[in-house]
Amino acid sequence: APERYGWLLYVDPELAVTGGDALELPWARLAEPTTDVLLWGEERSGGVVVDPGVMLVRRGDASAELFGAVLDACAASADATTRDAFQQLLRADAGGWRRRVALAPELRLVADWRQVVPRLRSGERALGEALWGSTTPPFATSFRGCAALCAVDGDDEPPARGAACRAALLRCFTFGAA
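Remember, predicted model here, so these are calculated numbers, not experimental data.

Q: Let's hear about the sheet that holds strand β1 (residues 7-11): which residues, and what values?
A: An order of β1-β4-β3-β5 is seen for the 4 strands of this open sheet, with the pairing classed as mixed. The sheet is open, and its two borders are formed by β1 and β5 (101-103), each paired with just one other strand. Taking each pair of neighbouring strands and ignoring which way they run, the sheet shows an average axis angle of 45°. Two elements, strand β3 (residues 37-44) and strand β4 (residues 47-58), share 8 bridges in a ladder whose sense is antiparallel. Looking across to β4, one finds that Val 37 is bridged to Val 57.

Below you can see the structure in the form of structure tokens.
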């Protein structure tokens, strides 16, 4: 029952949780009464850059308003993604959204499978080669377009669908590569 919890963890359906309990959350920022969403992001010269694939969301009206604005922005353009919508809202700050969203550039929440798979250490839940200075896998790994996982999974044919890609990625992290 979600109503029992103050914070909810959102993970995109195209992501596999690969880091297990290695995620250390910045509790000080989560305790701030103005923080309604925590996600990976950073301020750059071109503006705010975010990846909303993994987010911590405080239950409440402010979060509902923010996600309503994101969905409205996506509905307004056929090509818009949630990442685009978040970045536009945070850059424009028309609704004061920027002060409600805490960016956590130090959290390795999401990585692409192309970064993770070549570094996998067979039979362990660790990377053989450091990624971002650590052999701990990111909290979640995107398997979008991961047909090349067949090289790690030992299949002759690439996985045909996202579910097969995700299963191959999870086998790598839980039982080791073939």
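Once the structure has been displayed, the description carries forward.
Q: Tell me about the nonpolar core, and please be specific about residues and values.
A: Core analysis: the biggest nonpolar cluster contains 17 residues, and Leu 39, Val 50, Leu 66, Phe 86 and Val 101 have the highest contact counts within it. Sorting the residues of this core by element identifies β3, β4, α2 (61-76), α3 (82-92) and β5 as the ones contributing at least two each. Those residues in contact with Val 50 that sit more than four places away from it in its chain are Leu 39, Trp 40, Gly 41, Arg 83, Phe 86, Gln 87, Leu 90 and Leu 103. In terms of nonpolar packing, the next biggest core, distinct from the first, is built from 14 residues, Leu 30, Val 49, Phe 139 and Ala 140 among them.

Q: Break down α3 for me, with residues and values.
A: Within α3, the full set of buried residues consists of Ala 85, Phe 86, Gln 87, Leu 89 and Leu 90. Looking at the buried positions of α3, the neighbouring elements they touch are β3, β4, α2 and β5. Phi for Asp 93, located one or two positions after α3, is positive at around 55°.

Q: Mind laying out the sheet that holds strand β2 (residues 15-17), listing which residues take part and the relevant values?
A: Strand order across the open sheet formed by 3 strands is β2-β7-β6, with mixed pairing between neighbours. Edge strands, defined here as strands with exactly one partner in the open sheet, are β2 and β6 (110-112). Adjacent strand axes in the sheet meet at a mean angle of 30° when their direction is disregarded. As paired elements, β6 and strand β7 (residues 140-142) share 3 bridges and run parallel to each other. Each residue of the ladder has a partner; that of Asp 112, found in β7, is Ser 142.

Q: Could you give an account of the side chain of Gln 87, naming the residues involved and the relevant values?
A: One can find Gln 87 in helix α3. Apart from residues lying up to four places away in sequence, Gln 87 is in contact with Val 48, Val 49 and Val 50.

Q: Explain the side chain of Asp 36 to me, and be specific about the residues and the numbers.
A: With respect to the helices and strands, Asp 36 occurs in the loop between α1 (27-31) and β3. Excluding residues within four positions of it along the chain, Asp 36 makes contact with Trp 7, Leu 56, Val 57, Arg 58, Ala 62, Ser 63 and Arg 100.

Q: Please provide a residue-by-residue account of the packing of aromatic side chains, values included.
A: Taken as a whole and assessed by the stated rule, the structure comprises 1 aromatic pair. Consider the rings of Phe 67 and Phe 86, whose centres lie 5.8 Å apart with planes at 80°: the pair is edge-to-face. Within this pair, whereas Phe 67 is found in helix α2, its partner Phe 86 is found in helix α3, the two being separated by 19 residues in sequence. Since its relative accessible area comes to 2%, Phe 86 is described here as buried.

Scoring rules and cut-offs
Residues numbered from 1 in each chain as written. Predicted model: local features only at pLDDT ≥ 70, side-chain atom pairs only at ≥ 80, totals over all residues. Heavy atoms only, no water. Pairing = 2+ DSSP bridges. Helix = DSSP H or I, 4+ residues; strand = E, 2+ residues; numbered from the N terminus. Axes fitted to C-alpha atoms, helices over the stretch in contact; angles between N-to-C directions. Core = buried A, V, L, I, M, F, W, Y, C linked by side-chain atoms within 4.5 Å. Buried < 20%, exposed > 50% of the residue type's maximum accessible area, 1.4 Å probe, protein only. Contact = heavy atoms within 4.5 Å. Phe/Tyr/Trp six-rings, centres within 6.5 Å; stacked < 30°, edge-to-face > 60°.

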